[in-house]
Amino acid sequence: SSGAYKYFCNGQWLESSSGKTVPVTNPSTLQKDYQVQACTQEEVNNVFAAAKAAQLSWAKTPLWKRAEYLHKVAVLMRQNAQPMADCLVKEIAKPAKDALTEVIRSADLIDYTAEEGLRSLGEGQLLTSDSFPGQPRNKLCLVSKVPLGVVLCIPPFNYPVNLAVSKLAPSLMAGNAVVLKPPSQGVVAGIHMLACFAAAGLPAGVVNVITGKGSEIGDFLTTHPAVNCISFTGGDTGISISHKAGMVPLQMELGGKDACIVCSDADLDLAASHIVKGGFSYSGQRCTAVKVVLAMQDIADELVAKVHAGVAKLSVGRPEDNADITPVVSEASANFIQGLVEDAREKGAQFLTEWRRENNLIAPVLLDHVTPDMRIAWEEPFGPVLPVLRVGSIDEAVHHCNSSNLGLQGCVFTRDINTAMRVSDAMQTGTVQVNAAPARGPDHFPFQGFRDSGIGSQGIKNSLAMMTKIKSTVINLD
Ligand code: G3H
């Protein structure tokens, strides 16, 4: 398997004994630019054994020292940002500029995590017994935060670096060892990223990366007895992981159908520009993309015209040229998107743009007069397709949003803070953005999904808390 990227176990870069590799298909050229190891179950066992052993002394490494390692990683990430970004362009067709931003954002996230971890993990609680009825004052309870053990980190293809780092950095800062299973596409960027952790000199076994087909090692990884926490971002796979996982905490983010409610009093230029950016950046392949516009009848014509004008300006082409719309990640994904669009056509949606597809490259699709019987009103295309539903009232819009099985984010455009707060209160989503498109960042903000969109909360502080468990020591005095 020479020429294939190696996996990383116990401080060593290794080739799999399977002798097999898994190719990565470039979404633009359809060339198989890279190969990674197809690791075996035995190699998964070895990685977990290494992580488990290394975690014991890592947990005893002083907090300041763990922070120092992470700051070193951040420096290395910035130094190596370009080659990592180049991988993102080739593996997932992310526009070159956005690819670089992803890496820099990740370095910033690591630094922030180190700083936040120093403060929040270095602080505990002291309780005295006499605040409970009838208790004497002889017991002191010291509450501290201790690591979980080994955290299995599974990021998605759309942010193979950033959503890996957002799991790795808090896990490590909190004293856990990690096993990273990168996505099939984005795996090489993930391996480069992990190389920065390795080069920062973290002790052997504290960080590991295992590669291979999800269908072959996925279940074996997620049900492995050495796993003490799973942090997963991705699609429906997360639901089956949650059914199979044992008694371990889960941090999950599984996509969204983020609605954008545009009220009659909204600034329509502002709304339109956010809808275009929110709907189409990275060709709609973001869990936080605007995935359905719910426009009040009285402003819908004007809003749609403005959105249409914005969509018409989007460039369609290659990620190397920083086109706005680039090929979607795979042929399967393009076929799925096409299926949603065909369903909308059959059911009478109005096409404001023409359907154009060349292999994985799909020109932006803006659909008006979408109705709730169409799949696109509910399903997540993860592609450059945006449906507009015209609604008669804010209540109807909120009802549509709350009827979805997904509840990640939502947004509302209005000039009235009272309307904004009423909508925010009524919308059952993890985050509601007022007068801006949904977004996860800045990365220290809490980020969570309701219903099938997730379990637990992310954001730097919440992830640090998630990667620890509470431990009490009670001192019983005479
Ligand atoms: O795809 C899911 C990501 O968490 C979205 O992050 O809002 O920064 O694009 P973003």
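Cut-offs used in this document
- Residues numbered from 1 in each chain as written.
- Predicted model: local features only at pLDDT ≥ 70, side-chain atom pairs only at ≥ 80, totals over all residues.
- Helix = DSSP H or I, 4+ residues; strand = E, 2+ residues; numbered from the N terminus.
- Rg over C-alpha atoms; globule rule 2.2 N^0.38 Å.
- Buried ≥ 20, exposed ≤ 12 C-beta atoms within 10 Å, placed from the backbone.
- Contact = placed C-beta atoms within 7 Å.
- Pairing = 2+ DSSP bridges.
- Axes fitted to C-alpha atoms, helices over the stretch in contact; angles between N-to-C directions.
- Parallel < 35°, antiparallel > 145°, perpendicular 65-115°, else oblique.
- Left-handed = near helix turned anticlockwise from the far one by under 90°.
- UniProt positions renumbered as here; feature names shortened; annotations may be inferred.
- Near = placed C-beta within 6 Å.
- Nonpolar A, V, L, I, M, F, W, Y, C, P; charged D, E, K, R; others polar.
- Core = buried A, V, L, I, M, F, W, Y, C linked by C-beta atoms within 7 Å.
- pLDDT = per-residue confidence, 0-100.

### Examining the overall build of the protein chain
Within the protein chain one finds 14 helices and 26 strands. For the protein chain, the C-alpha radius of gyration of 24 Å lies close to 23 Å, the compact-globule estimate for 478 residues. Each principal axis of the C-alpha atoms in the protein chain carries an extent, and together these give about 75 × 70 × 40 Å. Out of the 478 residues belonging to the protein chain, those deemed buried represent 52%. Here the contacts in the protein chain between residues at least 6 apart in sequence split such that 71% fall between residues at least 24 apart.

### Digging into the sheet that holds strand S26 (residues 468-476)
Strand order in the open sheet formed by three strands is S5-S6-S26, and the pairing between neighbours is antiparallel. A single partner strand is all that each edge strand has here, and the edge strands are strand S5 (125-128) and S26. Neighbouring strand axes in the sheet, compared pairwise and without regard to direction, differ in orientation by 25° on average. The pairing of strand S6 (residues 139-147) with S26 spans nine bridges and is classified as antiparallel.

### Structural notes on the packing of helix H3 (residues 81-92) against helix H6 (residues 187-199)
In the contact formed by H3 and H6, the axes pass within 8 Å of each other and the chain directions differ by 165°. Between H3 and H6, the interaxial angle falls into the category roughly antiparallel. In the packing of H3 onto H6, the handedness of the crossing is left-handed. Seen from H3, the contacting residues are Pro-83, Met-84, Cys-87, Leu-88 and Glu-91; seen from H6, they are Val-188, Ala-189, His-192 and Met-193.

### Thoughts on the sheet that holds strand S17 (residues 365-368)
Taken together, seven strands build an open sheet; the order of strands is S14-S17-S18-S13-S12-S20-S21 and the sheet is mixed. Each having just a single partner strand, strand S14 (350-351) and strand S21 (431-434) make up the two edges of the open sheet. Note that strand S20 (residues 409-413) and S21 share four bridges and pair parallel. Its bridge partner lying in S21, Cys-411 is registered against Gln-433.

### Details of the UniProt feature "domain: Aldehyde dehydrogenase" (unreviewed entry) in the protein chain
Here, the residues flagged by UniProt with the feature "domain: Aldehyde dehydrogenase" (unreviewed entry) are residues 13-472. Split by type, residues 13-472 is 40% helix and 21% strand. Its first and last C-alpha atoms lie 39 Å apart.

### Things to note about the UniProt feature "active site" (unreviewed entry) in the protein chain
Those residues carrying the UniProt feature "active site" (unreviewed entry) are Glu-253 in this numbering. Tracing the backbone shows Glu-253 in strand S11 (residues 250-253). When the 28 C-beta atoms within 10 Å are taken as the criterion, Glu-253 is described as buried. Look past the residues within four positions of Glu-253 in its chain and what remains in contact with it is Thr-233, Cys-287, Gly-449, Ser-453, Gly-454 and Gln-458.

### A closer look at the site of the ligand
Close to the ligand lie Asn-158, Tyr-159, Arg-286, Cys-287, Thr-288, Ala-439, Arg-440 and Gly-441, which account for all nearby residues. For the shell around the ligand, the class distribution of residues is three nonpolar, three polar and two charged.

### Thoughts on the nonpolar core
Counting residues in hydrophobic clusters, the biggest one holds 145 residues, and the most contacted among them are Leu-70, Ile-110, Val-178, Cys-260, Val-262, Val-293 and Leu-294. Considering each element in turn, this core owes the most residues, nine residues, to H6. With residues near it in sequence (within four places) discarded, Ile-110 still touches Leu-70, Val-73, Ala-74, Met-77, Val-165 and Ala-169.

### A closer look at the environment of Val-370
Secondary-structure assignment places Val-370 in the loop between S17 and strand S18 (385-391). Separated by 17 residues in the primary sequence, Val-370 and Pro-387 have C-alpha atoms spaced 6.2 Å apart.

### Examining the environment of Glu-331
When you line up the elements, Glu-331 lands in helix H11 (residues 331-346). Distance from Glu-331 to Thr-25, taken between C-alpha atoms, is 10.0 Å for residues 306 residues apart in sequence.

### Things to note about the environment of Ala-312
Position of Ala-312 relative to the elements: it lies in helix H10 (residues 297-312). Counting along the chain gives 36 residues from Ala-312 to Val-276, while the straight-line C-alpha distance between them is 10.0 Å.

### Concerning the confidence of the model for the protein chain
Any region with low pLDDT has predicted coordinates that should not be read closely. Of the residues in the protein chain, 100% reach a pLDDT of 70 or more, and the chain-wide mean stands at 97. Complex prediction metrics read pTM 0.97 and ipTM 0.96.

### A short note on the pairing of strand S3 (residues 21-25)
Strand residues, when the strand is regular, have side chains that alternate between the two faces of the sheet. Where S3 meets strand S4 (residues 32-37), five bridges bridge the pair, whose relative direction is antiparallel. For Thr-21, the partnering residue across the bridge sits in S4 and is Gln-37. Linking S3 back to S4 in an antiparallel pair, the connection comprises six residues, with Leu-30 at a positive phi of about 65°.

### A word on the packing of helix H2 (residues 63-79) against helix H4 (residues 96-121)
Closest axis-to-axis distance for the H2/H4 pair is 8 Å, and the angle between their directions is 170°. It follows that H2 is roughly antiparallel to H4 by the angle criterion. Contacts from Leu-63, Trp-64, Ala-67, Leu-70, His-71, Val-73, Ala-74, Met-77 and Arg-78 in H2 reach Val-103, Ile-104, Ser-106, Ala-107, Ile-110, Asp-111, Thr-113, Ala-114, Gly-117, Leu-118 and Leu-121 in H4. In terms of residue class, the contact of H2 with H4 is made up of 14 nonpolar, four polar and two charged.

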